Amino acid sequence: FLGIYIFFLLMLALGLFFSEDWGSRIDSVIKLIVVIFNIVYTFEEIDQLTKEGRDYFAWTNLFDVLGIVAIYALIPLYAFGEYKIYYGVASAAFILNFFRVLKFFATFEVGNYARVFMFLLKEDVWVFLQFFAVLMVAFTGAVFLALKSEMSDGGKIIDGKNETLTIWSTMLREARALAEGKEFADDYDGVYSFPLVIFLLINMAAIIVVLSNILIGQISARYEDAAKDAKIQSDIAKAKVICKIEKSRFVWRNLRIKHYMPGDHVTDEALVKERLSEWYELKKDSDSNRNAIK
C-alpha cells in the first residue's frame, strides 16, 4: 500500500512540475494516471465510510477528503484554462496529498513524530494562537494609534522607509515578529520618538522573547510526555493498520484468523507487569478512598 501511494505521489509531482515540458501526450498520460488513482482512493474512502460510520468523521481523515477533492477540482480548472486558480488549487492539492502519506508510516518511528506533531497543533499551538490573536490585536491597535499620534501626514502614517503604514500592515508586522522573529522596523533611531521606541521594544520583547519561549517550553514539555508512550501508541497504530487492511474488501482471507494459535503473546513482559502494577495501585487507592468516605 505504501509503495503504491508513493507511486501516486510521484505521478502527481511529475504532472504538476515536469510533464508539460515532455509533450502533450506524455503530460496527458501522467495526468490520467493521477485521476485514475484518485478515483480508486475515492472508492476506498467511501468503503471506509460505510464500515466506520460516524467514526470516520475524525480529523485524521480530513487530509484524505481534502486531498481527493482538491485533485478533482483541478480537472475543470485545467480543462477551461483557468491556470491562475489551477496552480493555487494545485498547491493545496500537493501538500494535502503528501501529508496523507504519514498515515502509512504509522508502524514506523516517523509515525510517532507525526502523531505528536498533529497533537501539538490541535492541543497546544491552537490554544496558544488564540491567546496570541488577542495580544496581537491589542498591540496592533495601540502601536498604530501611537504612530498616528506623532507621524501622521495627511491622515497617513509614514515610517522610516517612507512606506505608508495601515492597520493591516501593522498587524502583519506583529505576526511576523512571532513567526519570523523579525523586529517592527530595521532602525528606530531618528524615526520614532523615545517613548514610542520604548513602547515598541516592550511590544517586540513580549512577542519575540516571552511568547516564543512560552510556546517552545510548552511544546518541549508536551513532547516529553508523548515520547514516554510512543511505543504504546505505535503498537496501537500498528493494530489499527492491520485491522483496516484485514477489513478491506480487496483482502479475500483473514490471515490473522487463519494462523491463529491459542494463548497469549506478550512481547514486553516487563512493560505489562508495570502497567498491571499501576492499575493495582490505582485500584487500591480507589478502594481506600471509598472506604474512607463510608
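Here the structure is a predicted model, which means the values were calculated and not measured. (Residues numbered from 1 in each chain as written. Predicted model: local features only at pLDDT ≥ 70, side-chain atom pairs only at ≥ 80, totals over all residues. Heavy atoms only, no water.)

1. Focus on the UniProt feature "transmembrane region" (unreviewed entry) in the protein
To keep it simple, the criterion reads: UniProt positions are given in the numbering used here, feature names are shortened, and annotations may be inferred rather than shown by experiment. By the criteria applied, helices consist of DSSP H or I runs no shorter than four residues and strands consist of E runs no shorter than two, each listed in order from the N terminus.
Listed under "transmembrane region" (unreviewed entry) in the UniProt record, and renumbered for this structure, are residues 29–44, 56–79, 85–105, 125–147 and 192–216. The distance from the first to the last C-alpha atom of residues 29–44 is 23 Å, and the span holds 100% helix and 0% strand. End-to-end, the C-alpha atoms of residues 125–147 are 31 Å apart, and along that stretch the chain is 100% helix and 0% strand.

2. Details of the pattern of salt bridges
Applicable threshold: Here a salt bridge means any side-chain nitrogen of Lys or Arg lying within 4 Å of a carboxyl oxygen belonging to Asp or Glu. Here the term buried applies to any residue with accessible area under 20% of the maximum for its type, exposed to any over 50%, and partly exposed to those in between, with areas from a 1.4 Å probe on protein chains only.
Per the stated rule, a full pass over the model turns up three salt bridges. Across the pair R100 and D64 runs a salt bridge, and its minimum N-O distance is 2.9 Å. Of this pair, R100 sits in the loop between α4 (83–99) and α5 (109–151) while D64 sits in helix α3 (residues 62–79), placing them 36 residues apart in sequence. Grouping residues by exposure puts R100 and D64 together as buried. The residue R176 makes a salt bridge to E180 at a minimum N-O spacing of 3.1 Å. Accessibility expressed as a relative area gives 32% for R176, which makes it partly exposed.

3. Some remarks on the side chain of T170
To keep things clear, this is the line we draw: We call two residues contacting when some pair of their heavy atoms lies within 4.5 Å.
Tracing the chain through its elements places T170 in helix α6 (residues 167–179). Apart from residues no more than four positions distant in its own chain, T170 is found in contact with T140, V143, F144, L165 and F184.

4. Considering the nonpolar core
We count it as follows: We define a nonpolar core as any set of buried Ala, Val, Leu, Ile, Met, Phe, Trp, Tyr and Cys residues linked to one another through side-chain atoms lying within 4.5 Å.
In this structure, Y5, F8, V34, Y41 and I71 are the most contacted members of the largest nonpolar core, which totals 21 residues. For this core, the leading source of residues is helix α1 (residues 2–17), giving seven residues. F128, A177, F184 and L211 belong to the second largest nonpolar core, which has 20 residues in total.

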